[in-house]
Amino acid sequence: MATIDYQSLLDTALKSVVRDALIHAQINGLGDGTHFFITFRTHDSGVVLPDFLRIRYPDIMTIVLQYSYNNLNVSDKEFGVQLTFDGRPFFIRVPFSALVEFKDPSVDFMLSFHKQKTQSSPDNDIELPLDGTGDTIPDTGRVVSLDEFRKRKKHS
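Bear in mind that the values here come from a model prediction, so they are computed numbers and not experimental data.

1. Focus on the overall build of the chain
Within the chain one finds three helices and seven strands. Helices and strands appear in the chain in the N-to-C order α-β-α-β-β-β-β-β-β-α. Here the chain holds 156 residues, and 29% of them are scored as buried. In the chain, once contacts between residues fewer than 6 apart in sequence are set aside, the share between residues at least 24 apart is 57%.

This is the structure in structure tokens:
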């Protein structure tokens, strides 16, 4: 008989608190000093970030939702939001499974999450093919530098 994974059950329940708080912000906005610090693993499956942010934050990243965010969209499994980095707007997407921590300092509230057992490669919002026919790097089992890939693409 399999044992009950109480930690996983607890994490799932607590992530629903985060989801509901984000849905509240999506519908009503944030007011009265409310702001969210959301920390997540940048390389978890489903995380969409611009490449320069993934390079700058190779493991975890914290975003702040307070004054300048747009297009907050929340689903059962993830949220997406447009934030400004280096003076330019970028859309990011974070599955709730990638969460490390959620804080609302305005009410001294914090939740911490344990890492899930499965993890795969990150998505990339800059080079995601929308029609499924995008260029891909051949899987040769070795690391290919970006310059090498560009040279190969120019000669094609």
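Past the structure itself, the notes keep going.
2. A closer look at the nonpolar core
Residues Leu 22, Phe 40 and Phe 79 are the most contacted members of the largest nonpolar core, which totals 28 residues. Of all the secondary structure elements, the ones that give two or more residues to this core are helix 1 (6–28), strand 1 (36–41), strand 2 (60–65), strand 3 (69–74), strand 4 (78–85), strand 5 (88–95) and strand 6 (99–104). Broken down by element, this core gets its largest block of residues, four residues, from strand 4. If near-sequence neighbours (up to four positions away) are discounted, Phe 79 is found in contact with Leu 22, Ile 38, Ile 63, Leu 72, Asn 73, Val 74, Ile 92, Arg 93, Val 94, Phe 96 and Leu 99.

3. Quick notes on the sheet that holds strand 2
Strand order in the open sheet formed by four strands is 2-1-6-7, with antiparallel pairing between adjacent strands. If you trace the sheet from one side to the other, it starts and ends with strand 2 and strand 7 (109–112), each paired once. On average, each strand axis in the sheet is tilted by 10° relative to the strand beside it, whichever way the strands run. Bridging between strand 1 and strand 2 involves six bridges; their strand directions are antiparallel. If you follow Thr 39 over to strand 2, its bridge partner there is Thr 62. In this fold helix 1 packs onto strand 1, strand 2, strand 6 and strand 7, with an angle of close to 135° to the strand it touches most, strand 7.

4. Some points on the pairing of strand 3
Of the strand pairs in this sheet, strand 3 and strand 4 are connected by four bridges, and their pairing is antiparallel. Across the sheet, Asn 73 pairs through a bridge with Gly 80, a residue of strand 4. The antiparallel hairpin formed by strand 3 and strand 4 contains three residues in its connecting segment.

5. Things to note about the pairing of strand 7
Pairing geometry for strand 6 and strand 7, over four bridges, is antiparallel. In the sheet register, Phe 102 faces strand 7, and the bridge partner there is Leu 111. Between the end of strand 6 and the start of strand 7, which pair antiparallel, lie four residues, with Asp 108 showing a positive phi angle near 55°.

6. Details of the sheet that holds strand 4
In space, the three strands of this open sheet follow the order 3-4-5, with antiparallel pairing throughout. Since the sheet does not close on itself, it has two edges, and those belong to strand 3 and strand 5, each with one partner. If you compare each strand with its neighbour and ignore which way they point, the axes differ by 15° on average. As defined by bridge partners, strand 4 adjoins strand 5 across eight bridges and the pair is classed as antiparallel. Its bridge partner being in strand 5, Val 81 is matched across the sheet by Ile 92. Together, strand 3 and strand 4 form the strand contacts of helix 1, whose direction differs from that of strand 3 by roughly 130°.

Criteria and cut-off values
Residues numbered from 1 in each chain as written. Predicted model: local features only at pLDDT ≥ 70, side-chain atom pairs only at ≥ 80, totals over all residues. Heavy atoms only, no water. Helix = DSSP H or I, 4+ residues; strand = E, 2+ residues; numbered from the N terminus. Buried < 20%, exposed > 50% of the residue type's maximum accessible area, 1.4 Å probe, protein only. Contact = heavy atoms within 4.5 Å. Core = buried A, V, L, I, M, F, W, Y, C linked by side-chain atoms within 4.5 Å. Pairing = 2+ DSSP bridges. Axes fitted to C-alpha atoms, helices over the stretch in contact; angles between N-to-C directions.

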